[in-house]
Amino acid sequence: MNSPLIFKFLKGVAKNNNREWFEKNKPVYLEAKASFEDFLAEFHKELTKFDESLSGLNPRKLGFRIYRDVRFSKDKRPYKTNMGAGFSPNGKMEQEPGYYIHLEPGNKNMIAGGMYMPSPENLSKIRQEIDYNATKFLKILNGKGFKKYFKGLSDWDRLKTAPKGYPKDHPQIELLKNKSFTVSHTFTDKEVNDENFVKKVAAICKGIKHLNDYLREAVA
């Protein structure tokens, strides 16, 4: 992957987030996009070594569009300033656990995983599984390999009080407050530029797989 090219292009988008600049630099965008897709293909090979559920995917089609949906947003900038992709058995993490890779200059790169904004039905199932089988879930979160890269579940999407149907003094109330069940680990731009980056990211994903397996069983 030509990460310097990708970062240079994304920095350009951040400074010139308008259609005129983008169209003028579209050949550079297409080159950067192709390089990112090369990385996704290599990343996919590493992921399928330990997660066979992803084997049927075409990794080059898993990248998210750079075009922002501004229909309901006050922010009318037309382009994203990052490149990202989602890996899950049926595609791009639509209502199922998976892995998300995100490249953004300024040391905002990350690998993430788990289940993002599950539907009310799936959220209920996950909470029920934690209520019934918290021991297994806590074992995953407290595993040595897991804690090496993750401090715990991301807390950006959670309730302030106990969810309906659960007492405030439930022993796992802090876990049950979550509305998304995700983890993430960040990388510097220098780390992304390293030739071993794809293998390092894949190694971290091995820890995410245990979380994904738990969540997948919960919503099945």
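Description of the structure in this document. Please read all numbers here as calculations on a predicted model, not as lab measurements. (Residues numbered from 1 in each chain as written. Predicted model: local features only at pLDDT ≥ 70, side-chain atom pairs only at ≥ 80, totals over all residues. Heavy atoms only, no water.)

**Let's talk about the overall build of the protein**
(1) Moving on: For the protein, the helix and strand inventory stands at 9 helices and 4 strands.
(2) Moving on: When the helices and strands of the protein are placed in sequence order, the string is α-α-α-β-β-β-α-α-α-α-β-α-α.
(3) Moving on: Taking 2.2 N^0.38 as the reference for a compact globule, 220 residues should give roughly 17 Å; the C-alpha atoms of the protein span a radius of gyration of 19 Å, in line with that estimate.
(4) Moving on: A burial count over the protein gives 49% of its 220 residues as buried.
(5) Moving on: Split by element, the accessible area of the protein, about 12,400 Å² in all, is 50% carbon and sulfur.
(6) Moving on: Considering the protein, the positive charge centre built from 40 side chains and the negative charge centre built from 27 side chains are found 4 Å apart. (Helix = DSSP H or I, 4+ residues; strand = E, 2+ residues; numbered from the N terminus. Rg over C-alpha atoms; globule rule 2.2 N^0.38 Å. Buried < 20%, exposed > 50% of the residue type's maximum accessible area, 1.4 Å probe, protein only. Areas by Shrake-Rupley, 256 points an atom, 1.4 Å probe, with all protein chains shown as cover. Lys, Arg positive; Asp, Glu negative; His and termini not counted. Charge placed at Lys NZ, Arg CZ, Asp CG, Glu CD.)

**Considerations on the environment of Lys61**
(1) Moving on: Within the fold, Lys61 resides in the loop between α3 (26-47) and β1 (83-87).
(2) Moving on: Relative accessible area serves as the criterion here: at 61%, Lys61 is assigned to the exposed category.

**Some thoughts on the sheet that holds strand β2 (residues 98-103)**
(1) Moving on: The 4 strands lie next to each other as β1-β2-β3-β4, forming an open sheet whose pairing is antiparallel. At either margin of the open sheet sits one strand with a lone partner, and together these are β1 and β4 (181-187). For this sheet, the mean inter-axis angle between neighbouring strands, taken without regard to orientation, is 15°.
(2) Moving on: With 5 bridges connecting them, β1 and β2 associate as antiparallel partners. The residue bridging Phe87 from the neighbouring strand is Tyr99, located in β2.
(3) Moving on: The sheet strands contacting α3 are β1, β2 and β3 (109-115), and the helix crosses β1 at an angle near 30°. (Pairing = 2+ DSSP bridges. Axes fitted to C-alpha atoms, helices over the stretch in contact; angles between N-to-C directions. Contact = heavy atoms within 4.5 Å.)

**Notes on the packing of helix α4 (residues 120-132) against helix α9 (residues 197-219)**
(1) Moving on: Packing of α4 against α9 leaves a shortest axis separation of 8 Å and a crossing angle of 115°. Overall, the two elements α4 and α9 adopt an arrangement that is roughly perpendicular. Between α4 and α9 the crossing geometry is right-handed. Facing Asn122, Lys125, Ile126, Glu129 and Ile130 of α4, the residues of α9 in contact are Tyr214, Leu215, Ala218 and Val219.
(2) Moving on: Classifying every residue of the contact of α4 with α9 by side-chain character gives 6 nonpolar, 1 polar and 2 charged. (Parallel < 35°, antiparallel > 145°, perpendicular 65-115°, else oblique. Left-handed = near helix turned anticlockwise from the far one by under 90°. Nonpolar A, V, L, I, M, F, W, Y, C, P; charged D, E, K, R; others polar.)

**Quick notes on the pairing of β1**
(1) Moving on: Here β1 lies mainly inside the structure; 5 of its 5 residues are buried.
(2) Moving on: Every second residue of β1 is oriented toward a common face, with Met83, Ala85 and Phe87 on one face and Gly84 and Gly86 on the other, all of them buried.

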